[in-house]
Amino acid sequence: MKLLEQIRENAKKQGKTIVLPEGTEERTLQAADQVLAEGIAKIILLGKPEDIHALAEKHGLKNINKATIIDPENHPKKEEYADLLVEIRKNKGMTKEQALKLVVDPLYLGTLMIKNGDADGEVAGARNATGDVLRPALQIVKTLPGISVVSGAFLLLTNKPEYGENGLIVCADCAVLPNPTAEELAQIAVATAGTARAIAKIEPRVAMLSFSTKGSAKNEIVDKVIKATELAKQMAPDVMIDGEMQADAALVPSVGNSKAPGSPVAGKANVLIFPSLEVGNISYKLVQRIAGIEAVGPVLQGMAAPINDLSRGCSVSDIVNLIAITVNQAAARK
């Protein structure tokens, strides 16, 4: 069974509820219909019920009546969510009047539902920019204990079983933080190891990538990766983490044995941590386009609850997959 099929099948067993703030976005609605038909998750759609039902009828969607539909401007928990937002943001001077205005914003409402325990995760971004999706998430749900940064991982599905974990490689950060410090890079490494376990169900072997392997080059950029490796090992002593190393040393056994003999990771890494967003974003797009590798993501990591951001160019299938991934993340948190 392929990885994405495994992710969907595992999601079906969890009974998790995912909120979709963009309930009147057509691809999102089509994805919700498919998710409900397959039993991947329970769905909450945010939007005016009459608009959602009209779109469902237009596209011949038969399962939307199984979703919970909530009108952000008129729902029974509006006051309760506003009070919750005031409590969360009181140190920032949030007033009840301001909170009542924000809770009609579907992106704020969705995150408040998660914080209140009314939903297990959120998927958005088909219509909204990443910053708009992340802002309420960071204000309300915030990050995991010990983690101060949010990052974006991709699952690279190759047809080369000799690389990674039978052809699967998890890599980060490819989506969020432009130039992480050593401390932030260590957090990204630990978070990505968690993603590998939660979603791909693999035991992570994490390679901290650079243009140097074990001191073959001297540079402040290399020094950052060396420090990040040490910090990541301290943060997660139960995870195999090693670096700094070049990509070929991380992935090719003969090169790994030559350049980093004795390393528990070199030559068999299944998680790759890039030294900067620039490197990560360029790398995954190159292999996606030139090598035809399927890149699934970004999967946002580091949040205290699973909230994932779509590309505005996403397909219906992309949304379905990300909902299934979000369910798996939610299940792992429990």
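- Looking at an unreviewed UniProt entry, the protein carries the name Phosphate acetyltransferase, with the source organism given as Candidatus Odoribacter faecigallinarum.
- Listed in UniProt under the heading Catalytic activity (unreviewed entry), the comment for the protein reads: "acetyl-CoA + phosphate = acetyl phosphate + CoA".

1. Focus: the UniProt feature "domain: Phosphate acetyl/butaryl transferase" (unreviewed entry) in the protein
Link 1 in the chain: As recorded in UniProt, the sites labelled "domain: Phosphate acetyl/butaryl transferase" (unreviewed entry) are residues 3–327.
Link 2 in the chain: Split by type, residues 3–327 is 45% helix and 16% strand. Its first and last C-alpha atoms lie 15 Å apart.

2. Observations regarding a nonpolar patch on the surface
Link 1 in the chain: On the surface, Ile 282, Leu 286 and Ile 290 cluster together into a nonpolar patch covering about 320 Å² of accessible area.
Link 2 in the chain: By the element assignment, Ile 290 lies in helix 12 (residues 277–290).

3. What to know about the packing of helix 8 (residues 182–200) against helix 9 (residues 220–235)
Link 1 in the chain: In the contact formed by helix 8 and helix 9, the axes pass within 8 Å of each other and the chain directions differ by 50°. If you check the angle between helix 8 and helix 9, you find them oblique. Both helix 8 and helix 9 take part in a crossing whose hand is right-handed. Residues Ala 182, Glu 183, Leu 185, Ala 186, Gln 187, Ala 189 and Val 190 of helix 8 lie in contact with helix 9, whose contacting residues are Lys 224, Val 225, Lys 227, Ala 228, Leu 231, Ala 232 and Met 235.
Link 2 in the chain: A breakdown of the residues in the contact of helix 8 with helix 9 according to their chemical character gives ten nonpolar, one polar and three charged.

4. Some words on the sheet that holds strand 11 (residues 307–309)
Link 1 in the chain: Spatial strand order, 3-2-1-4-11: five strands in an open sheet with parallel pairing. In the strand order of this sheet, the two ends are held by strand 3 (68–70) and strand 11, each with one partner. Averaged over all pairs of adjacent strands, the angle between their axes in this sheet comes to 20°, without regard to strand direction.
Link 2 in the chain: Where strand 1 (residues 17–20) meets strand 4 (residues 121–124), two bridges bridge the pair, whose relative direction is parallel. Considered in strand 4, the bridge of Ile 18 is made with Gly 121.
Link 3 in the chain: Against the sheet, helix 2 (residues 26–38) makes contact with strand 1 and strand 2 (42–46), and its axis sits at roughly 160° relative to strand 2, the strand it touches most.
Link 4 in the chain: Packing against the sheet, helix 7 (residues 130–141) makes contact with strand 4 and strand 11, and its axis sits at approximately 165° to strand 11.

5. Side note on the packing of aromatic side chains
Link 1 in the chain: Counted under the stated rule, the structure contains one aromatic pair.
Link 2 in the chain: Where Phe 154 meets Tyr 284, the ring centres are 3.9 Å apart and the plane angle is 25°; that geometry is what we call stacked. With Phe 154 in strand 5 (residues 151–157) and Tyr 284 in helix 12, this residue pair connects regions lying 130 residues apart in the sequence.
Link 3 in the chain: Classification of Phe 154 as buried rests on a relative accessible area of 4%.

6. With respect to the sheet that holds strand 8 (residues 240–245)
Picture the strands of a sheet paired through backbone hydrogen bonds; they go either parallel or antiparallel.
Link 1 in the chain: Ordered by their spatial adjacency, six strands build an open sheet running 8-7-9-6-5-10, and the pairing between neighbours is mixed. A strand with exactly one partner marks an edge of an open sheet, and here the two such strands are strand 8 and strand 10 (294–301). Strand after strand, the sheet turns through a mean of 25° between neighbouring axes, direction not considered.
Link 2 in the chain: Pairing of strand 5 with strand 10 involves six bridges; the strand directions are antiparallel.

7. So, unusual backbone geometry
Link 1 in the chain: With an omega of -5°, the peptide bond between Gly 243 and Glu 244 qualifies as cis.
Link 2 in the chain: You can see Glu 244 is positioned in strand 8.
Link 3 in the chain: With an omega of 5°, the peptide bond between Gly 297 and Pro 298 qualifies as cis.
Link 4 in the chain: Take Pro 298: it is sitting in strand 10.
Link 5 in the chain: Positive phi outside glycine occurs at Asn 166, with the angle close to 55°.
Link 6 in the chain: Counting through the fold element by element, Asn 166 comes out in the loop between strand 5 and strand 6 (168–172).
Link 7 in the chain: The backbone of Lys 201 shows a phi angle near 60°, a positive value even though the residue is not glycine.
Link 8 in the chain: Note that Lys 201 resides in the loop between helix 8 and strand 7 (205–209).

8. What about the pairing of strand 4?
Link 1 in the chain: Across the two faces of strand 4 the burial is the same, with Gly 121 and Val 123 and Glu 122 and Ala 124 all buried.
Link 2 in the chain: Of the pairings in the sheet, the one linking strand 4 to strand 11 comprises three bridges and is parallel in character. Pairing of Ala 124 across the sheet is with Asp 309, part of strand 11.

9. What to know about the nonpolar core
Link 1 in the chain: In this structure, Ile 43, Leu 45, Leu 155, Val 206, Met 208 and Ile 323 are the most contacted members of the largest nonpolar core, which totals 63 residues.
Link 2 in the chain: Contact partners of Leu 155, with chain neighbours within four places excluded, come to Leu 3, Ile 7, Leu 168, Ile 169, Val 170, Ile 199, Glu 294, Ala 295 and Val 296.
Link 3 in the chain: Counting residues in hydrophobic clusters, the runner-up holds 29 residues, among them Leu 46, Ile 88, Leu 107 and Met 113.

Here is what the cut-offs are and how they apply
Residues numbered from 1 in each chain as written. Predicted model: local features only at pLDDT ≥ 70, side-chain atom pairs only at ≥ 80, totals over all residues. Heavy atoms only, no water. UniProt positions renumbered as here; feature names shortened; annotations may be inferred. Helix = DSSP H or I, 4+ residues; strand = E, 2+ residues; numbered from the N terminus. Patch = residues over 30% accessible without salt bridge, like charges linked within 9 Å, V, L, I, M, F, W, Y side chains within 5 Å. Areas by Shrake-Rupley, 256 points an atom, 1.4 Å probe, with all protein chains shown as cover. Salt bridge = Lys/Arg side-chain N within 4 Å of Asp/Glu carboxyl O. Axes fitted to C-alpha atoms, helices over the stretch in contact; angles between N-to-C directions. Parallel < 35°, antiparallel > 145°, perpendicular 65-115°, else oblique. Left-handed = near helix turned anticlockwise from the far one by under 90°. Contact = heavy atoms within 4.5 Å. Nonpolar A, V, L, I, M, F, W, Y, C, P; charged D, E, K, R; others polar. Pairing = 2+ DSSP bridges. Phe/Tyr/Trp six-rings, centres within 6.5 Å; stacked < 30°, edge-to-face > 60°. Buried < 20%, exposed > 50% of the residue type's maximum accessible area, 1.4 Å probe, protein only. Core = buried A, V, L, I, M, F, W, Y, C linked by side-chain atoms within 4.5 Å.

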